[in-house]
Structures are given as C-alpha cells and as structure tokens.
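Given next are the chains, with one letter for each unit.
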Amino acid sequence: MAEMIVQSPEEVVAFLKAQHNLIEDMFDDVLHASDPQAREKPFVELRQLLAVHETAEEMVVHPRVRREADAGDALVDARLKEEHEAKEMLSRIENLEITSQQFIDEITKLRDAVLEHARHEEDEEFPVLERNVDTDDLKRMGSAVRAAEAIAPTRPHPGVESAKLNFAVGPFASMLDRARDLIAQAIG
C-alpha cells in the first residue's frame, strides 16, 4: 500500500484539512491520467486514502463533535449519511472497467460528493473542535487519527460508519483488505 500519512501539523484539524487537499489532488490525478491504463495506480491510492481517512474521522472526530456541539448528533448524522453514500459510490466504481467512460463519469460524481462532504466538515465540524477543544487535545486527536488510519480498512465498507462498528468490524476488515491489496499487487 502506498504511504497514506500526510506530513502536516500535529493537530487534528490541520492534519485533516491537508488530507482533504491531497484527496482533491488525487482525484485530479485519476481524472487526468495520461492514458486510461495509467488511472489504476492513482485510483487504488485514492481509494485507500478515502477509506482510511473516513474510518479515522468516524472513530475519532465524529464522536468528539457529538459531545462538543449543541446540535452535535444532527451535525454528525448528516456527515455519516454523506460518508455512507460515498462508500456505496466507491464500491460500485471499484467494479467498473477503469478505462471506460462510465468509470470517468462515476468518479467525477464521487469527486463532487467527496469535496462537498469535506467542505461541510471544514465549515461545520472543524470549527466546533477549534472552539471547544484545547490545543493539547487537538494534538492528541491528531495522533489518534494517525493511529486509526494505520490500522483502518483500505477499501470502502458501506454500513460501517460508527465508531463502535469500526472498532468491532474494522480490524477484521482491515486484515482482509490489506491481504487483498497485497495479492492484487503480487498478481498485477
């Protein structure tokens, strides 16, 4: 698996914003690949980053926003719905021929949905953390996000959008995903 950790500030908000920027760039790499076959490697790396990024947010960020914001449940539930829809889209895209126009059309739709989701997090969730959580805790959350990403599944798993489910199902799914990734890499 390609290195998925973004080198950025220690605190969680800056770290996740840097990943949002990287995700946007990675979508561009997939969509603007020099030829259709050249899409595969950047797509696999994008899929992996999206999977680990969302898992870490579900395990660390969303539970904290639920506790810190007055309307935290509604705020997080809306983000989880977006994440579920994106995971379903990504799961469908994985089954498409990477050289097809349908792949391009669907990855473009996913890009729009993911970037809109990131804007919602940056405009609605992250300010809650910045207002209500002290700097030391933001740094601890950044460390927790990095740790969650290191063990997170590398493929989308629609229906696993809560911290509890990620803790219960995540390690098993991660082991299977990482084995699938290694096998796919070995057989080309």
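Within every chain, residues take consecutive numbers counted from 1 along the sequence as written. Totals for whole chains, interfaces and linings use every residue, but because this is a predicted model, local features are given only for residues with pLDDT of at least 70 and side-chain atom pairs only at 80 or more, for both listing and counting. Note that the side-chain values use all heavy atoms of the structure and ignore hydrogens as well as water.

Per an unreviewed UniProt entry, the protein chain carries the name Hemerythrin and comes from Mycobacterium alsense.

With that settled, the discussion passes to the pattern of salt bridges. When a carboxyl oxygen of Asp or Glu is within 4 Å of a side-chain nitrogen of Lys or Arg, the pair counts as a salt bridge. Under the counting rule described, the total for this entry stands at 15 salt bridges. Measuring nitrogen to oxygen at the nearest pair gives 2.8 Å for the salt bridge that ties Arg64 to Asp137. Residue Arg64 is located in helix α2 (residues 40-68), and its partner Asp137 is located in helix α5 (residues 135-151); the two are separated by 73 residues in the primary sequence. This pair shows no difference in class: Arg64 is buried, exactly as Asp137 is. For Arg140, the salt bridge identified is with Asp137, shortest N-O distance 2.9 Å. In this pair, Arg140 and Asp137 are both assigned in helix α5, three residues apart and thus about one turn of the helix distant. Here Arg140 falls in the exposed class, since its relative accessible area comes to 52%. By definition, any uninterrupted DSSP run of H or I lasting at least four residues is a helix, any uninterrupted run of E lasting at least two residues is a strand, and each is numbered from the N terminus. When accessible area is computed with a 1.4 Å probe and restricted to protein chains, residues below 20% of their type maximum are described as buried, those above 50% as exposed, and intermediate ones as partly exposed.

Before going further, it helps to spend a moment on the environment of Glu88. Following the sequence through the fold, Glu88 ends up in helix α3 (residues 72-94). On the accessibility criterion, Glu88 (32% relative accessible area) is partly exposed. Sequence separation between Glu88 and Leu110 is 22 residues, and the spatial gap between their C-alpha atoms is 9.8 Å.

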